[in-house]
Amino acid sequence: MDNNKEWSIRPATEADWPGIWEIFRDVISHGDTYTYAPDFTQDQAKDIWIRNNCHGYVVKHGDKIVGTFTIRTNKPGFGNHIANAGYMVHKDYRGRGIAQDMCRYSLKEAKKLGYTAMQFNFVVASNKPAVELWQKMGFKIVGTVPKAFRHATLGYTDVHIMHRFLDDITV
């Protein structure tokens, strides 16, 4: 983490949940980037973000949580060497480099956790800022699933599967 930044990143605690939920709830309410339905509950969100062997993190600006991400095993068993992650930034803090810092941090954390690669299974193709950022961070589009996402305003939209190895990451 760049010490000149206005924010810091650390593992999430139970006390962080209200701030995480505020961001999570807002992001999924738009129906344009994640598959979670608007009626997705807090309990369901906790299960996929900070419980069940998920490693949740927060980005703090002062006392405010302005971003959050999770690292988890992409698939159990013989696929458990590949990490998966999800990232969300508070609406008032987008465009400041927080997502890039979260991704950089998560790649290092994933390697520390023993993963050899990271894969995003469902990157909505119309989410151009995310696709471009992940490519900048070394991810390659390894597949595209046609019309796999029901975008709230664009209708059926393609999704990308994106992947990168962690062998060049220094921890």
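Below you will find a few notes about this structure. For clarity, every value in this text was computed on a predicted model and none was experimentally measured.

The rules behind the values
- Residues numbered from 1 in each chain as written.
- Predicted model: local features only at pLDDT ≥ 70, side-chain atom pairs only at ≥ 80, totals over all residues.
- Heavy atoms only, no water.
- Helix = DSSP H or I, 4+ residues; strand = E, 2+ residues; numbered from the N terminus.
- Buried < 20%, exposed > 50% of the residue type's maximum accessible area, 1.4 Å probe, protein only.
- Contact = heavy atoms within 4.5 Å.
- Lys, Arg positive; Asp, Glu negative; His and termini not counted.
- Charge placed at Lys NZ, Arg CZ, Asp CG, Glu CD.
- Axes fitted to C-alpha atoms, helices over the stretch in contact; angles between N-to-C directions.
- Parallel < 35°, antiparallel > 145°, perpendicular 65-115°, else oblique.
- Left-handed = near helix turned anticlockwise from the far one by under 90°.
- Nonpolar A, V, L, I, M, F, W, Y, C, P; charged D, E, K, R; others polar.
- Polar contact = N/O pair within 3.5 Å; in protein donor to acceptor, adjacent residues only side chain to side chain.
- Salt bridge = Lys/Arg side-chain N within 4 Å of Asp/Glu carboxyl O.

Attention now goes to the overall build of the chain. The helix and strand tally for the chain stands at four helices and seven strands. Listing the helices and strands of the chain from first to last along the sequence gives β-α-α-β-β-β-α-β-α-β-β. Dimensions of the chain along its principal axes, counting C-alpha atoms only, are 40 × 35 × 30 Å. Expressed as a percentage of the 171 residues in the chain, the buried residues total 46%. A separation threshold of at least 6 residues defines the contact pool for the chain, and within that pool the share at least 24 residues apart is 62%. Taking the average place of the 22 positive charges on the side chains of the chain and the average place of its 18 negative ones, the gap between the two points comes to 3 Å.

The N-to-C vectors of helix H3 (residues 98-112) and helix H4 (residues 128-136) enclose an angle of 40°; their axes lie 11 Å apart at closest approach. Classified by the interaxial angle, the pair formed by H3 and H4 is oblique. In the packing of H3 onto H4, the handedness of the crossing is right-handed. From H3, Ala99, Gln100 and Cys103 reach across to H4, where they touch Leu133, Trp134 and Lys136. For the contact of H3 with H4, a count of residues per class yields four nonpolar, one polar and one charged.

A few words on the environment of Ser29. Its place among the elements puts Ser29 in helix H1 (residues 17-29). Classification of Ser29 by relative accessible area gives partly exposed; the value is 42%. Sequence-wise, Ser29 and Lys111 are 82 residues apart; in three dimensions their C-alpha atoms are separated by 32 Å. At a separation of 2.7 Å, a polar atom in the side chain of Ser29 contacts the main-chain carbonyl oxygen of Asp26.

Quick look at the pattern of salt bridges now. Across all of its chains, the model carries nine salt bridges by this definition. Between Arg94 and Asp26 there is a salt bridge, and its shortest N-O distance comes to 3.6 Å. In this pair, Arg94 sits in the loop between strand S4 (82-89) and H3 while Asp26 sits in helix H1, placing the two residues 68 residues apart along the sequence. For Arg94, a relative accessible area of 43% corresponds to the partly exposed category.

On to the side chain of Thr157, then. When you line up the elements, Thr157 lands in strand S7 (residues 155-165). From its side chain, Thr157 meets the backbone oxygen of Gly155 in a polar contact 3.0 Å long. Beyond its immediate chain neighbours, meaning those up to four positions away, Thr157 contacts Val124, Ala125, Ser126, Lys147, Ala148, Phe149 and His151.

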